[in-house]
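One-letter residues, chain by chain:
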Amino acid sequence: MTKVMIIINPSSGKEKAAKILPNAKKALGGMYDQVIVRETEGEGDATEFAKEACTERFDAVISMGGDGTVNEVVNGLGEQEHRPIFGIIPLGTVNDFARSLGIPLKPIEAIEIIKDRQTKESDIGKINDHYFMNVLAVGSIAEATYNVSVDQKTRLGSMAYIIEGAKAIIKKNPFPLTVEHDQGRWLGEAHLLIATMTNSVGGFEQLAPEAKVNDGKLHTFIIKDLSLPLIVKIIPSLMRGEIKGHDEVEYIQTSKLHLSTSEELAVNIDGDEGFLLPLQANVLHKHLRLFVPGSK
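All values reported here derive from a predicted model rather than from experimental measurement. (Residues numbered from 1 in each chain as written. Predicted model: local features only at pLDDT ≥ 70, side-chain atom pairs only at ≥ 80, totals over all residues. Heavy atoms only, no water.)

## Section: helix α1 (residues 17–29)
One full turn of an α-helix is made of 3.6 residues, so residues set three or four places apart face in the same direction.
Move 1: Spanning 13 residues, α1 covers 18 Å between terminal C-alpha atoms, matching the ideal 18 Å at 1.5 Å per step.
Move 2: Residues Ala17, Ile20, Leu21, Ala24, Ala27 and Leu28 constitute the buried set of α1.
Move 3: Lining the buried residues of α1 we find β1 (3–8), β2 (34–39), β3 (60–65), β4 (85–90) and α5 (107–115). (Helix = DSSP H or I, 4+ residues; strand = E, 2+ residues; numbered from the N terminus. Expected span 1.5 Å × (residues − 1). Buried < 20%, exposed > 50% of the residue type's maximum accessible area, 1.4 Å probe, protein only. Contact = heavy atoms within 4.5 Å.)

Pasting the structure below:
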């Protein structure tokens, strides 16, 4: 008997989840013998549900929610002996991981992608015993995202992150940073470090246009200055995917990172506050199999 688990976050996407669920159940009922629905009520629920799906050897796990729900599911799948195929029906504000995979942001269209049964292997990242699928960041701009409320995200979408980030830029607080990577070591003062495994960060799909979900790399940007003249130059370059060419931006491709600083700084992991530095991040190459559009 084939089994699929739907892990649904009822508060995602202006509470669209309940309206979409019947469509998902109907579609998946035509693919699997048994459809089990697990509804999250609090932090960590999606992780526990995903672990359950691994232990009970489900064939697939479907996330219905935003990037936070996807992150929790990834942490449940982690390095389990049996990892079901992972499907995403995006309902969140930004949906970076879905964007990077080419999954439609309209839930009904995303369901159709799952029905096509096309799959692809994808990398995930690991920091200590925590897993991530998209991005880690260090600096005051990264910390500013914690100030974005659910109401702001609902009303403003990804613009909410830009507003809070702009407030942090005004403060302009650089920090000492040591970055150890595949090619060696970088030492200096930085305003922001972003290491992404995909081409989409905060809804911007051109930060690292060459990044692929299964290239085994963390595409790392160290921004050494955030003066107003540089910001004016960086924004157009960001839109064109050319930010790595700036003199004040260090660009590194690596399969692992060790980050350390003399200050008390925490890493932002997929938009949420994570561990204090120092830390070690590694790429688990082609670790999960996901439902994707046929052309991806």
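## Focus on the packing of helix α2 (residues 45–55) against helix α3 (residues 67–77)
Move 1: Closest axis-to-axis distance for the α2/α3 pair is 7 Å, and the angle between their directions is 40°. Considering their axes alone, α2 and α3 lie oblique with respect to each other. The handedness of the crossing between α2 and α3 comes out as right-handed. In this structure, α2 contributes Asp45, Ala46, Thr47, Ala50, Lys51 and Cys54 to the contact, and α3 contributes Thr69, Glu72, Val73, Asn75, Gly76 and Leu77.
Move 2: In terms of residue class, the contact of α2 with α3 is made up of five nonpolar, four polar and three charged. (Axes fitted to C-alpha atoms, helices over the stretch in contact; angles between N-to-C directions. Parallel < 35°, antiparallel > 145°, perpendicular 65-115°, else oblique. Left-handed = near helix turned anticlockwise from the far one by under 90°. Nonpolar A, V, L, I, M, F, W, Y, C, P; charged D, E, K, R; others polar.)

## So, the pattern of salt bridges
Move 1: Applying the stated criterion across every chain yields a total of eight salt bridges.
Move 2: Between Lys115 and Glu112 there is a salt bridge, and its shortest N-O distance comes to 3.4 Å. Placement of the pair is Lys115 and Glu112 together in helix α5, with a separation of three residues, close to one helical turn.
Move 3: Judged by its relative accessible area of 38%, Lys115 is partly exposed.
Move 4: Residue class for Glu112 comes out partly exposed when judged on its relative accessible area of 38%.
Move 5: Glu250 is the partner of Lys224 in a salt bridge, and the nearest nitrogen-oxygen pair spans 3.4 Å. With a gap of 26 residues between them, Lys224 in the loop between β11 (218–223) and α9 (228–240) and Glu250 in strand β12 (residues 249–254) connect regions that are remote in the sequence. (Salt bridge = Lys/Arg side-chain N within 4 Å of Asp/Glu carboxyl O.)

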